[in-house]
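# Architecture at a glance
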Amino acid sequence: MNYFKLHLVLVAGLLGTAFALADPVDDLAAGRDVDIDLLGMTYTYTGFISGNGVVTDDQAPPSQVAKNPGTLNIIVNTRALGFPYDIIIPFAGAKLQSDRVRWTTNTLVN
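The following paragraphs examine the structure supplied in this document. (Residues numbered from 1 in each chain as written. Predicted model: local features only at pLDDT ≥ 70, side-chain atom pairs only at ≥ 80, totals over all residues. Heavy atoms only, no water.)

## Considering the pattern of salt bridges
Operational definition: Salt bridge, as used here, is a side-chain nitrogen of Lys or Arg placed within 4 Å of a carboxyl oxygen of Asp or Glu. Helix and strand definitions follow DSSP, with helices as H or I runs of at least four residues and strands as E runs of at least two, each counted in order from the N terminus. A simple rule labels every residue: compare its accessible area, found with a 1.4 Å probe on the protein chains alone, to the largest value its type can have, and call it buried under 20%, exposed over 50%, or partly exposed in between.
Under the defined criterion, the tally for this structure stands at three salt bridges. For Lys95, the salt bridge goes to Asp23, with nearest N and O atoms at 2.7 Å. Linking Lys95 in strand 7 (residues 88-97) with Asp23 in the loop between strand 1 (2-13) and helix 1 (24-30), this pair joins segments that are 72 residues apart in sequence. Judged by its relative accessible area of 18%, Asp23 is buried. One salt bridge connects Arg79 with Asp86, and the closest N-O pair in it is separated by 3.1 Å. Residue classification places Arg79 among the partly exposed residues on the basis of a relative accessible area of 44%. Judged by its relative accessible area of 47%, Asp86 is partly exposed. A cluster of three or more residues bridged by salt bridges with shared partners is formed by Asp23, Asp26 and Lys95.

Put into structure tokens, the structure is as follows:
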């Protein structure tokens, strides 16, 4: 049995809107789905088989991830991050500033 633990922190700087008083993070929370563009990542896995790897920007093209309106939480398929397999990972979103969100996960993949 191979255990793979993935720790990712994604910080997204959000673009301002045309309205000076608008809060982009609140707009993001109210909306549906999120477009992501991973610029790079290093990962490790341990267990029966151990190893590591790097995913570059070219290997992980921009993609869309699911998000329910009214929340900053997202669900990412690892294939969208450049992995060669599909694992669904939930990320919890937290508002840091009016234009910044941090998504984190501590998902144990079996």
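## Considering the nonpolar core
This is how the line gets drawn: Put simply, a nonpolar core is a bunch of buried Ala, Val, Leu, Ile, Met, Phe, Trp, Tyr and Cys residues held in one set by side-chain atoms that sit within 4.5 Å of each other. The contact criterion used throughout is that any non-hydrogen atoms of two residues lie within 4.5 Å.
Counting residues in each nonpolar core, the largest one holds 22 residues, and the members touching the most others are Met41, Ile74 and Leu81. Elements represented by at least two residues in this core include exactly helix 1, strand 2 (34-36), strand 3 (40-47), strand 6 (74-77), strand 7 and strand 8 (100-109). Setting aside anything within four residues of it in sequence, one finds Ile74 in contact with Val34, Val65, Ala66, Lys67, Ile89, Pro90, Phe91 and Trp103.

## Re the pairing of strand 8
Residues in a regular strand project their side chains so that they alternate between the two faces of the sheet. Threshold: Each pair of strands is called paired provided DSSP finds at least two bridges between the two strands.
Alternating positions in strand 8 separate cleanly, Val101, Trp103, Thr105, Thr107 and Val109 being buried on one face and Arg100, Arg102, Thr104, Asn106 and Leu108 remaining unburied on the opposite face. Direction of pairing for strand 7 relative to strand 8: antiparallel, over a ladder of five bridges. Looking at strand 8, one finds that Ala92 is bridged to Thr104. Adjacent in sequence and paired antiparallel, strand 7 and strand 8 are bridged by two residues.

This is a description of form; function is not addressed.
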